[in-house]
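# Coordinate analysis (summary)
Okay, here's what each chain looks like letter by letter:
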Amino acid sequence: MGYDDKHEHEHEHDHPEYSELSEMDARVRALETLLTEKGLVDQAGLSAVVERYEKEVGPHNGALVVAKAWTDPEYRRWLFEDADAAIESLGHVGRQGEHMVALENTSQRHNMVVCTLCSCYPWPVLGLPPVWYKSPSYRSKVVIDPRGVLADFGVSLPEDTEIKVWDSTAEVRYLVVPMRPEGTSGMSEEQLAELVTRDSMIGTGLIQAPTDTAR
Ligand code: FE
């Protein structure tokens, strides 16, 4: 996607510095072609899985989890104690979501998620990972210089906010629960969910307080 598309896709942030096709992506593509040619995988079946994760499953699922955690203290407690059960109770289950851990952002601590080895990502709550999440540059830089990565995403945090980076694995997937913005006390869970962006649940974004034009 080029910058020309920006107006139609305001929530889709492209970060050219993190967008080259990774070696892993290239290998997966080559493998997929080979398997299809040899008749070992059914292209239609594969497309159905991809379509499900592109269209039905996406960050809106995670946004509902976050909005519920903002409005229901009981649910919030449960989410941080047993994220698997709390997320499953809302119906967000599926592959790549085994053993979820929810991370609480506060004014003292900001959490960011990466998979330094490959591209592990909580599919049931966030859908498919964005290209930059899988890029070697994001995966290496976020560990060394998380504030620098935040700056690349246009985010700056107070000096005394601790930034903690969590490395996903095949066993553990993370969901960042961002801070609820000011000025949202009268909003419903559904309205709140609309404020929650994908990047805020990875830790590369913050949630903007609603403005009059956005409501
Ligand atoms: Fe991975």
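Overview of the structure. (Residues numbered from 1 in each chain as written. Predicted model: local features only at pLDDT ≥ 70, side-chain atom pairs only at ≥ 80, totals over all residues. Heavy atoms only, no water.)

### A closer look at the coordination of the iron ion
Ideal values for angles at a metal depend on the geometry: 109.5 degrees with four tetrahedral donors, 90 or 180 degrees with six octahedral donors. Coordination of the iron ion by the protein is provided by Cys115 (SG), Cys118 (SG), Cys120 (N) and Cys120 (SG), with metal-donor distances spanning 2.1 to 2.5 Å. For the iron ion, the four donor atoms in the first shell make angles of 81 to 133 degrees at the metal, a pattern classed as irregular. Expressed as a motif, the donor residue spacing for the iron ion is C-x2-C-x1-C. Given a relative accessible area of 11%, Cys120 falls into the buried group. (Donors = N, O, S within 2.8 Å, 3.2 Å for Na, K, Ca; no water. Tetrahedral: all angles 85-135°; square planar, octahedral: opposite > 155°, others 65-115°. Buried < 20%, exposed > 50% of the residue type's maximum accessible area, 1.4 Å probe, protein only.)

### What to know about the side chain of Asn105
Looking at where Asn105 falls in the secondary structure, it is placed in the loop between strand S1 (100-104) and strand S2 (109-114). At 3.4 Å, the side chain of Asn105 forms a polar contact with the side chain of His110. Apart from the residues within four sequence positions on either side, Asn105 is in contact with His110, Asn111, Val176, Val177, Pro178 and Met179. (Helix = DSSP H or I, 4+ residues; strand = E, 2+ residues; numbered from the N terminus. Polar contact = N/O pair within 3.5 Å; in protein donor to acceptor, adjacent residues only side chain to side chain. Contact = heavy atoms within 4.5 Å.)

### A short note on the pattern of salt bridges
One pass over the full model with this rule turns up six salt bridges. Two residues, Glu104 and Arg76, come together in a salt bridge whose shortest N-O distance is 2.7 Å. Of this pair, Glu104 sits in strand S1 while Arg76 sits in helix H4 (residues 73-81); the two residues are 28 residues apart in sequence, bridging distant segments of the chain. Measuring nitrogen to oxygen at the nearest pair gives 3.2 Å for the salt bridge that ties Arg198 to Asp199. Asp199 shares its class with Arg198; the two are buried. (Salt bridge = Lys/Arg side-chain N within 4 Å of Asp/Glu carboxyl O.)

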